[in-house]
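Structural description and commentary
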Amino acid sequence: MLNKYARAFFTRVLTPFAGFLLRKGVSPDTVTLIGTAGVVAGALAFYPRGEFFWGTVVITLFVFSDLVDGNMARQAGRSSRWGAFLDSTLDRVADGAVFGGLALWYAGGGDNLTLCAVTIFCLASGQVVSYTKARGEAIGLKVAVNGLVERSERLVITLVLCGLAGFHRTFGVPGIQWLLPIALWVVAVGSLITLIQRVVTVHREAAEAEAAEQPVGQGSGV
């Protein structure tokens, strides 16, 4: 849902900015690299110290590069396999930094090994969810399912509720700190469901493909 509607909205909003960067001679790959570096720096500099509000502000400023670089490539007519590979690879790096930073907090100052484990599961399951689709497509399957919680949903749920949870420490808002654990549990369960959906889909499509490739009459006793 977020991929379909939010991405289309922000693409329209960011199109003038993408055009401006192109006119200044900035390449899409440069935006991808800078965006990822900003997300990683924001996540690892703020989250392990429990500074969720300011960490989320910094990450949010850079996370939109994921929309800007693709917009720039389309405007310049330079969409490429390399650009798609680089963007997808660095997305995994950024995701790892976000959940890794939160895991470091719960392993240290946050002092909650259960939530540390949940956060690590969010990190690992998110990577595997992406891998199942990529691997399925690599062996010639359509993997015709998106699943309950894709990358966009994982990031929006985590960053929005993490930023709001940061109001407790930064502005003294009481009780709101529990939004982050809620977000992590929701993402963990949603990622698990998505993983199951994709594995089931790949299994079904693989069986159908192999059945279609089987010679007519084979196994029928004729």
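Everything here concerns the structure above.
This report concerns the structure included in the present document.

Cut-off values and rules
Residues numbered from 1 in each chain as written. Predicted model: local features only at pLDDT ≥ 70, side-chain atom pairs only at ≥ 80, totals over all residues. Heavy atoms only, no water. Helix = DSSP H or I, 4+ residues; strand = E, 2+ residues; numbered from the N terminus. Contact = heavy atoms within 4.5 Å. Areas by Shrake-Rupley, 256 points an atom, 1.4 Å probe, with all protein chains shown as cover. Lys, Arg positive; Asp, Glu negative; His and termini not counted. Charge placed at Lys NZ, Arg CZ, Asp CG, Glu CD. Core = buried A, V, L, I, M, F, W, Y, C linked by side-chain atoms within 4.5 Å. Buried < 20%, exposed > 50% of the residue type's maximum accessible area, 1.4 Å probe, protein only. Axes fitted to C-alpha atoms, helices over the stretch in contact; angles between N-to-C directions. Parallel < 35°, antiparallel > 145°, perpendicular 65-115°, else oblique. Nonpolar A, V, L, I, M, F, W, Y, C, P; charged D, E, K, R; others polar. Expected span 1.5 Å × (residues − 1). Arc of directions from axis to C-beta. Salt bridge = Lys/Arg side-chain N within 4 Å of Asp/Glu carboxyl O. Polar contact = N/O pair within 3.5 Å; in protein donor to acceptor, adjacent residues only side chain to side chain.

**Considerations on the overall build of the protein chain**
In terms of regular secondary structure, the protein chain is built from eight helices and zero strands. Secondary structure elements of the protein chain, listed N to C terminal, follow the sequence α-α-α-α-α-α-α-α. By its C-alpha atoms, the protein chain is 75 × 50 × 25 Å across when sized along the principal axes. In the protein chain, the proportion of contacts linking residues at least 24 apart, taken out of those at least 6 apart, comes to 78%. Per element, the accessible surface of the protein chain, about 12100 Å² overall, is 68% carbon and sulfur. Here the protein chain contributes 18 positive and 15 negative side-chain charges, whose respective centroids are spaced 7 Å apart.

**Concerning the nonpolar core**
By size, the foremost hydrophobic cluster in this structure holds 24 residues, and its most contacted members are Y47, L180 and L184. Mapped by element, the contributors of at least two residues to this core are α2 (28-46), α3 (52-63), α5 (81-107), α6 (113-138), α7 (151-171) and α8 (179-213). Looking at which element gives the most residues to this core, the answer is α5, with eight residues. Once residues lying within four places of it in the same chain are set aside, the contact partners of L184 are F99, L102, Y106, V118, T119 and C122. In this structure, A18, L21, L67 and M72 belong to the second largest nonpolar core, which totals seven residues.

**What about the packing of α2 against α3?**
It is the contact of α2 with α3, at a shortest axis distance of 8 Å, that shows an interaxial angle of 175°. With respect to each other, α2 and α3 are oriented roughly antiparallel. Residues I34, G35, G38, V39, G42, A43 and F46 of α2 form the contact with α3, whose participating residues are W54, G55, V58, I59, F62 and V63. Of the residues in the contact of α2 with α3, the class split is nine nonpolar, four polar and no charged.

**So, α2**
Its 19 residues give α2 an end-to-end C-alpha distance of 27 Å, which sits within 8% of 27 Å, the value for a rise of 1.5 Å per residue. Those residues of α2 that sit buried are P28, V31, T32, G35, T36, G38, V39, G42 and A43. Take α2 and look down its axis: the buried residues cluster within an arc of 160°, on one side only.

**Observations regarding the side chain of E153**
In this fold, E153 is placed in helix α7. One buried charged side chain, E153, makes no salt bridge at all; its nearest oppositely charged neighbour is R154, positioned 7.1 Å away. At 3.1 Å, the side chain of E153 and the backbone nitrogen of E150 are in polar contact.

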